[in-house]
Amino acid sequence: MHAFDYQAPTTLREALELLSKPQQSARPLAGGTDLIDQMRVGRLTPEVVIDIKKIAELNALRVDSGGLHLGAAVPCYRICSERAIIDDYSALVDSCRIIGGVQIQSRASLGGNLCNSGPAGDSIPSLIALQATCLIAGPQGTREVPVESFCTGPGKNVLRTGELLIELRMPRRAPHSGSHYRRMIPRNEMDIAVVGVGASVQLDATGKTIVAARLALGAVAPTPLYAESASQLLAGQPVSDALIAKAAQAAREIVKPISDMRGTAEYRVHVTGVLVQRALQAAIVRARGEACDYRPGH
Ligand SMILES: Cc1cc2nc3c(=O)[nH]c(=O)nc-3n(C[C@H](O)[C@H](O)[C@H](O)COP(=O)(O)OP(=O)(O)OC[C@H]3O[C@@H](n4cnc5c(N)ncnc54)[C@H](O)[C@@H]3O)c2cc1C
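Predicted model, so just to flag it, every value in this text is computed and none were measured.

(A) Quick look at the overall build of the chain. Counting its secondary structure elements, the chain contains 11 helices and 14 strands. For 298 residues, the compact-globule estimate of 2.2 N^0.38 gives 19 Å, and the C-alpha radius of gyration of the chain, at 19 Å, lies within 12% of that figure. Taken over the C-alpha atoms alone, the chain extends approximately 60 × 45 × 35 Å along its principal axes. Residues classed as buried in the chain amount to 45% of the 298 residues present. Counting only contacts in the chain whose residues sit at least 6 apart along the sequence, the fraction spanning at least 24 positions is 64%.

(B) Molecular detail of the sheet that holds strand 13 (residues 210-218). Taken together, the four strands give an open sheet; going across it, the order is 11-12-13-14, and neighbouring strands pair in antiparallel fashion. Each edge of the open sheet carries a strand with a single partner, namely strand 11 (177-184) and strand 14 (225-226). Across two bridges, strand 13 lies against strand 14 in antiparallel orientation. Its bridge partner being in strand 14, Ala 216 is matched across the sheet by Tyr 226.

(C) Local environment of the pairing of strand 7 (residues 141-146). Where burial is concerned, little of strand 7 is hidden: zero out of the six residues are buried. Judged from the six bridges that link them, strand 6 (residues 133-138) and strand 7 form a sheet pairing that is antiparallel. The partner of Cys 134 across the bridge, within strand 7, is Val 145. As consecutive antiparallel partners, strand 6 and strand 7 are separated by two residues.

(D) A look at the site of the ligand. Neighbouring residues of the ligand: 31 residues in total, closest Ala 30, Gly 31, Gly 112, Asn 113 and Cys 115. Elements supplying a minimum of two residues to the shell around the ligand: strand 2 (26-29), helix 2 (35-40), helix 7 (110-116) and strand 10 (164-170). Among the elements that take part in the shell around the ligand, helix 7 stands out by supplying five residues, more than any other. The residue makeup of the shell around the ligand includes at least three contributed by each of domain 1 (5-51) and domain 2 (59-170).

(E) Here's a closer look at the environment of Leu 12. Topologically, Leu 12 is positioned in helix 1 (residues 12-20). Since 16 C-beta atoms lie within 10 Å of it, Leu 12 is described here as partly exposed. In this structure, the C-alpha to C-alpha distance between Leu 12 and Ile 104, residues 92 residues apart in sequence, is 25 Å. Other than its neighbours up to four places away in sequence, Leu 12 contacts Ile 55, Glu 57 and Ala 137.

(F) Here's a closer look at the packing of helix 10 (residues 241-252) against helix 11 (residues 265-287). Where helix 10 contacts helix 11, the axes come no closer than 8 Å and their chain directions differ by 140°. If you check the angle between helix 10 and helix 11, you find them oblique. Our pair here, helix 10 against helix 11, has a crossing hand that is right-handed. Contacts between helix 10 and helix 11 involve Ile 244, Ala 245, Ala 247, Ala 248, Gln 249, Ala 251 and Arg 252 from the former and Val 269, Thr 272, Gly 273, Val 276, Gln 277, Leu 280 and Gln 281 from the latter. Within the contact of helix 10 with helix 11, the residues separate by chemical class into eight nonpolar, five polar and one charged.

(G) Region of interest: the sheet that holds strand 2. Here three strands make up an open sheet; going across it, the order is 1-3-2 and the pairing parallel. This sheet does not close on itself; its edge strands, each paired only once, are strand 1 (5-7) and strand 2. Taking each pair of neighbouring strands and ignoring which way they run, the sheet shows an average axis angle of 25°. Across the face of the sheet, helix 1 comes into contact with strand 1, strand 2 and strand 3 (48-51) while running at roughly 165° to strand 3.

Conventions used here
- Residues numbered from 1 in each chain as written.
- Predicted model: local features only at pLDDT ≥ 70, side-chain atom pairs only at ≥ 80, totals over all residues.
- Helix = DSSP H or I, 4+ residues; strand = E, 2+ residues; numbered from the N terminus.
- Rg over C-alpha atoms; globule rule 2.2 N^0.38 Å.
- Buried ≥ 20, exposed ≤ 12 C-beta atoms within 10 Å, placed from the backbone.
- Contact = placed C-beta atoms within 7 Å.
- Pairing = 2+ DSSP bridges.
- Near = placed C-beta within 6 Å.
- Domains from an automatic or database assignment.
- Axes fitted to C-alpha atoms, helices over the stretch in contact; angles between N-to-C directions.
- Parallel < 35°, antiparallel > 145°, perpendicular 65-115°, else oblique.
- Left-handed = near helix turned anticlockwise from the far one by under 90°.
- Nonpolar A, V, L, I, M, F, W, Y, C, P; charged D, E, K, R; others polar.

Structure below.
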């Protein structure tokens, strides 16, 4: 690995100053589970690595009247063990439980997963389904970007030089709502998704009609996708197998997958529909307050 300088600022201001220093390439490090590997193989060669785990704002984890504030550097294990997230943002827990194994989950953050901007990043469809927005800080101040607009291509995103992702914000869980993330991988663990689907659903008080839904798809296009038309056709409709099959078909129509060693494009299109159905069914079960028997890898 090339030689680099390591900095561990304790304030946001310090981190932003380091990131904006002219004539040096700098890279934030959260868990380092993507970054270190990419530096090891020479894909990234920053002169300065800025450890952001010691900055309070990036470790925030709280639910208030505005919803969930999740610091960009909070590791997966904290997300999985937080009662408020388990109860109200279940899709996030589904994602965090399958990102690598225990060691990876003890370091890896959702900010890192999103900023790495891989098409198959397992947290991104859940964040889109939960209507997350990114709070970004930089030399020009702060701005907010919806997660579905954040990634612009494989490994690429809207962050400009000197900018840092601070926090992911999600609205409060609506009454009678539930969410779920499910992926298909060739092995039971330690692989990346062939397809990943995040779903969130709000039902009416009877639990029989869908008030609103959001579906998001991973690993089937150069960036994770918000399946807008598939989501909208569910709104206002009574829950039925036919309706769920219609949403699955609408999702299949917007994907543009590649063929690789994990599966052909045709296979990915098929699996997209299957997973949309399963993710929606599980989100509906959760929205009704019933037990969801989903276990990762099953
Ligand atoms: C063995 C193994 C298994 C894995 N399994 C999975 C899996 O199942 N699913 C999956 O999705 N991923 C998986 N990954 C990839 C990785 O663990 C995840 O993408 C993880 O969430 C990255 O988070 P991190 O905090 O480690 O990011 P880092 O490696 O610290 O950062 C990733 C990138 O984002 C940038 N960055 C980080 N934080 C910020 C910020 N706040 N603002 C701006 N830029 C930032 C960094 O500069 C870097 O370019 C695996 C990795 C390994 C090594």
